[in-house]
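Descriptive analysis of the structure
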Amino acid sequence: MDLLDQAGLLLEYDQQIKEMEQELKGMKERRDEINAGLAELMTDNETQNLNYKGHIFYLSVQRSVSYDKEQEENFYHALRENGLADIIRPTINSRTLTATVTKELMQDDADGNSNLPEWIQPFITIYEKTKVNVRKG
């Protein structure tokens, strides 16, 4: 297979993946609608669970909690003051870390090799993968 055939194949697979991702998104949305409808019917019929074709369907409540990001500092302070400091986890976005290391910390030596300062070397590992990106021309 030559270079142009391989590039064409990559484009074809990229397009197929995009289409499949859109189809999957639609299917998940439709599944959520069906699930909500079934939950409503089960609630209306006061049915906690039902057996159908060897499967048990049962009602459950899934709870999610979020907080106001604009109040994050005050929220964290309140958690600490009330004995819940252990649930606070600092995070670093992986793309931000990569950009910071690449642009601010890596230094080229006399041979043109990129090196990290010694203080950060024990903490990070750099992975590189060569790939082909595609964009419309």
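Residues numbered from 1 in each chain as written. Predicted model: local features only at pLDDT ≥ 70, side-chain atom pairs only at ≥ 80, totals over all residues. Heavy atoms only, no water.

1. Observations regarding the overall build of the protein chain
Looking only at helices and strands, the protein chain has 3 helices and 4 strands in total. Buried positions account for 7% of the 137 residues belonging to the protein chain. Long-range contacts, defined here as pairs at least 24 residues apart, represent 10% of the contacts in the protein chain between residues at least 6 apart. Total accessible area computed for the protein chain in this model is approximately 13700 Å², and 51% of it derives from carbon and sulfur atoms. Of the side-chain charges in the protein chain, 16 are positive and 25 negative, and the distance between the mean point of each set is 4 Å. (Helix = DSSP H or I, 4+ residues; strand = E, 2+ residues; numbered from the N terminus. Buried < 20%, exposed > 50% of the residue type's maximum accessible area, 1.4 Å probe, protein only. Contact = heavy atoms within 4.5 Å. Areas by Shrake-Rupley, 256 points an atom, 1.4 Å probe, with all protein chains shown as cover. Lys, Arg positive; Asp, Glu negative; His and termini not counted. Charge placed at Lys NZ, Arg CZ, Asp CG, Glu CD.)

2. Here we look at the pattern of salt bridges
Inspection of the entire model under this criterion finds 1 salt bridge. Among the ionic pairs, Glu-33 bridges to Arg-30, the shortest N-O distance being 3.2 Å. Of this pair, Glu-33 and Arg-30 both sit in helix 1 (residues 3-44), 3 residues apart, roughly one helical turn. Classification of Arg-30 as partly exposed rests on a relative accessible area of 48%. (Salt bridge = Lys/Arg side-chain N within 4 Å of Asp/Glu carboxyl O.)

3. A short note on the confidence of the model for the protein chain
On average, residues of the protein chain score 90 in pLDDT, and 100% of them are at 70 or above. Mean pLDDT in the protein chain bottoms out at strand 3 (residues 107-108), which sits at 76, and peaks at helix 1, which reaches 96. (pLDDT = per-residue confidence, 0-100.)

4. Concerning the packing of aromatic side chains
One pass over the structure, following the stated rule, counts 3 aromatic pairs. Ring geometry for Tyr-67 versus Phe-75: centroids 4.9 Å apart, planes at 25°, classification stacked. For Phe-75, a relative accessible area of 33% translates into the label partly exposed. With a centroid separation of 6.1 Å and an interplanar angle of 55°, the aromatic rings of Tyr-67 and Tyr-76 are classed as tilted. Accessibility expressed as a relative area gives 21% for Tyr-76, which makes it partly exposed. Joined through ring pairs, the aromatic side chains of Tyr-67, Phe-75 and Tyr-76 make up one cluster. (Phe/Tyr/Trp six-rings, centres within 6.5 Å; stacked < 30°, edge-to-face > 60°.)

5. Describing the pairing of strand 1 (residues 49-52)
Two strands pair when backbone bridges link them, and strand 1 and strand 2 (residues 55-58) are joined in this way by 4 bridges, in the antiparallel orientation. For Leu-50, the partnering residue across the bridge sits in strand 2 and is Phe-57. The turn joining strand 1 and strand 2, which pair antiparallel and follow one another in sequence, is formed by 2 residues; a positive phi near 50° is taken by Lys-53. (Pairing = 2+ DSSP bridges.)

6. Comments concerning the environment of Asn-115
In this structure, Asn-115 sits in strand 4 (residues 114-115). Assessed through its relative accessible area of 34%, Asn-115 is described here as partly exposed. Between the C-alpha atom of Asn-115 and that of Phe-57, which follows or precedes it by 58 residues, the distance is 57 Å. Every residue in contact with Asn-115, bar those within four places of it in the chain, is listed here: Leu-105, Met-106, Gln-107 and Asp-109.

7. Focus on the environment of Ala-110
One can find Ala-110 in the loop between strand 3 and strand 4. Separated by 79 residues in sequence, Ala-110 and Arg-31 have C-alpha atoms that sit 59 Å apart.

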